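In case you want the letters, here they are:
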Amino acid sequence: MNIDFYGDPEVAILLNYSDVRQTLEQVFQDLASGGASVFPRHRANCGDVKLSAMGGIWESRHVAGIKAYTTVQGHFSFLISLFDTKANKPLAVLQANEITRLRTAALATLVASRSAHQGAKKLALIGAGVQGSAIAEALGDCFNFGQVCVADPVLNHVAAIQL
């Protein structure tokens, strides 16, 4: 049996914030109606290493997946295993650093689109790392900000950018 593997470079080509956001909207609707199910994150710690896993089943799409990742010295490494629930077989394994970046940012835009004022002109963002930068980029696609203020506690830096 051959199982496809998709690395972060392939994922970056195949996915974008908008498509991920639309998929999240659909799965949340199914989750609310019982057509999807998730299990919470489980974590094991040993010394300086953490191993975490979480997953879910999306019945209408006939797919189940589990995301597993390690955290070593504050750095993450993610993998997702996908299963075809109709044929009951593995579909693919995906390196999931890029998926995690896109999903987190897409979820932020989904929440902001439902809670933020649509005429908002300023964005305040805490954190300028991988996730903070992705969230700023994704929100910039949804809103017409005139100013972005970023505070990064790791870099001990605050900046305001006029757009």
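This section reports on the structure supplied with the text. Bear in mind the structure is a predicted one, so any value in this text is a computation, not a measurement. (Residues numbered from 1 in each chain as written. Predicted model: local features only at pLDDT ≥ 70, side-chain atom pairs only at ≥ 80, totals over all residues. Heavy atoms only, no water.)

Before going further, it helps to spend a moment on the sheet that holds strand β6 (residues 89–95). What the six strands build is an open sheet, ordered β1-β6-β5-β4-β3-β2; its pairing is mixed. The open sheet has two edge strands, β1 (4–6) and β2 (36–46), and neither has a second partner. Adjacent strand axes in the sheet meet at a mean angle of 15°, parallel and antiparallel pairs treated alike. The pairing of strand β5 (residues 75–84) with β6 spans six bridges and is classified as antiparallel. Bridge pairing links Leu 79 to Gln 95 in β6. (Pairing = 2+ DSSP bridges. Helix = DSSP H or I, 4+ residues; strand = E, 2+ residues; numbered from the N terminus. Axes fitted to C-alpha atoms, helices over the stretch in contact; angles between N-to-C directions.)

Right, let's get into helix α4 (residues 130–142). The end-to-end C-alpha distance of α4, which contains 13 residues, comes to 19 Å, matching closely the 18 Å that a straight helix rising 1.5 Å per residue would cover. Taken together, the buried positions of α4 are Gly 132, Ala 134, Ile 135, Ala 138 and Leu 139. Along the long axis of α4, the arc covered by the buried residues comes to 160°, so they all point the same way. Exposed side chains of α4 directed beyond 90 degrees from the buried face belong to Val 130 and Asp 141. On its buried side, α4 packs onto α2 (17–33), α3 (97–115) and β7 (122–126). (Expected span 1.5 Å × (residues − 1). Buried < 20%, exposed > 50% of the residue type's maximum accessible area, 1.4 Å probe, protein only. Arc of directions from axis to C-beta. Contact = heavy atoms within 4.5 Å.)

So, on to the pattern of salt bridges. Note that side chains of opposite charge can pair when their charged atoms are close. Within the structure shown, the criterion is met by two salt bridges. A salt bridge links Glu 98 to Arg 101, with the shortest nitrogen-to-oxygen separation between them at 2.6 Å. Taken as a pair, Glu 98 and Arg 101 lie in helix α3 at a separation of three residues, close to a single helical turn. (Salt bridge = Lys/Arg side-chain N within 4 Å of Asp/Glu carboxyl O.)

On to the packing of aromatic side chains, then. Across all of its chains, the model carries four aromatic pairs by this definition. The interplanar angle of 55° and the centroid separation of 6.1 Å between the aromatic rings of Tyr 69 and Phe 76 together place this pair among those described as tilted. With relative accessibility at 4%, the residue Tyr 69 sits in the buried group. A relative accessible area of 47% places Phe 76 in the partly exposed class. Ring geometry for Phe 143 against Phe 145: centres 5.4 Å apart, planes inclined by 20°, an arrangement best described as stacked. A relative accessible area of 8% means that Phe 143 is categorised as buried. Taken together, the ring pairs in this structure connect Tyr 69, Phe 76 and Phe 78 into an aromatic cluster. (Phe/Tyr/Trp six-rings, centres within 6.5 Å; stacked < 30°, edge-to-face > 60°.)

Let us look at the nonpolar core. Counting 19 residues, the largest nonpolar core has Tyr 17, Ala 105, Leu 139 and Phe 145 as the members making the most contacts within it. Among the secondary structure elements, those contributing two or more residues to this core are α2, α3, β7, α4 and β8 (147–152). Contact partners of Tyr 17, with chain neighbours within four places excluded, come to Arg 101, Leu 102, Ala 105, Ala 106, Ala 134, Glu 137, Ala 138 and Asp 141. Core analysis: the next-biggest nonpolar cluster, separate from the first, contains nine residues, Val 11, Met 54, Ala 92 and Leu 94 among them. (Core = buried A, V, L, I, M, F, W, Y, C linked by side-chain atoms within 4.5 Å.)

Let us look at the side chain of Thr 71. Following the sequence through the fold, Thr 71 ends up in strand β4 (residues 63–72). Taking relative accessible area as the criterion, Thr 71 reaches 11% and is therefore assigned buried. If we skip the residues at most four places from it in the chain, Thr 71 touches Asp 48, Val 49, Lys 50 and Phe 76.

Nothing here speaks to function; it is all geometry.
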